[in-house]
Amino acid sequence: QVQVVESGGDLVQAGGSLRLSCTASGLTFDAYAMGWFRQGPGQEREAVSCINWSGDRTYYEDSVKGRFTISRDKAKNTLYLQMNSLKPEDSAMYYCAAGRIWRSPPWVTDFDHWGQGTQVTVSS
């Protein structure tokens, strides 16, 4: 059974930093593209950042470029999202997901396995 679990969300002041983590099990981690998505209240889910199976290709949503960094540790089956210079508009539930297809920009429907989400709240 595939399981994807996120952690690291918190309440932080604008300008602060957070590091999200995601551990995937029940799959061959380095055979999957991995991504971070977010969904605010009343909003549709959107891709924030994704990374391919080898880690040499990445995608960043325009508003997070230069502030967020995605990485993956294959030995630990773990995905990370380092978030710096956080803004109130970054507040959302953040979801980790895995998929077997890589596209840039990513297609949400290409990601088959989803975590439960971790809440990020940025205060002004």
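For the structure itself, look to the data block above.
Before going into details, it helps to say that this report is about the structure given with it. (Residues numbered from 1 in each chain as written. Predicted model: local features only at pLDDT ≥ 70, side-chain atom pairs only at ≥ 80, totals over all residues. Heavy atoms only, no water.)

## What about the side chain of T78?
- With respect to the element layout, T78 can be found in strand 8 (residues 78-83).
- Judged by relative accessible area, which is 7%, T78 ranks as buried.
- Reaching out from T78, the side chain makes a polar contact with the backbone oxygen of K76 at a distance of 2.8 Å.
- Non-local contacts of T78, meaning those with residues more than four positions away in its chain, are made with S21, C22, T23, F29, S71, R72 and D73. (Helix = DSSP H or I, 4+ residues; strand = E, 2+ residues; numbered from the N terminus. Buried < 20%, exposed > 50% of the residue type's maximum accessible area, 1.4 Å probe, protein only. Polar contact = N/O pair within 3.5 Å; in protein donor to acceptor, adjacent residues only side chain to side chain. Contact = heavy atoms within 4.5 Å.)

## A word on unusual backbone geometry
- Going from S104 to P105, the amide bond is cis rather than trans, its omega being 0 degrees.
- With respect to the helices, strands and loops of the structure, P105 is situated in the loop between strand 9 (92-99) and strand 10 (111-114).
- For N77, which is not a glycine, the phi torsion comes out positive at approximately 50 degrees.
- Relative to the helices and strands, N77 is located in the loop between strand 7 (68-73) and strand 8.
- For N77, a relative accessible area of 25% gives the class partly exposed.
- Residues other than glycine seldom take positive phi values, yet S85 does so here, at roughly 50 degrees.

## Things to note about the state of the cysteines
- Taken as a whole, this structure holds 1 disulfide when the rule is applied.
- Bridging C22 to C96, the disulfide has an S-S length of 2.0 Å. The sign of the S-S torsion, about -75 degrees, decides the handedness of the disulfide formed by C22 and C96: left-handed. Of this pair, C22 sits in strand 3 (residues 18-25) while C96 sits in strand 9, and the two are 74 residues apart along the sequence. The two residues C22 and C96 agree in class, both being buried. (Disulfide = S-S within 2.5 Å.)

## Details of the side chain of E6
- Positionally, E6 belongs in strand 1 (residues 3-7).
- For E6, which is buried and forms no salt bridge, the nearest opposite charge comes from R45, at a distance of 7.6 Å.
- At 2.9 Å, the side chain of E6 and the backbone nitrogen of G117 are in polar contact.
- Ignoring sequence-local partners within four residues, the contact set of E6 consists of S21, C22, W36, Y94, Y95, C96, G115, Q116, G117 and T118. (Lys, Arg positive; Asp, Glu negative; His and termini not counted. Salt bridge = Lys/Arg side-chain N within 4 Å of Asp/Glu carboxyl O.)

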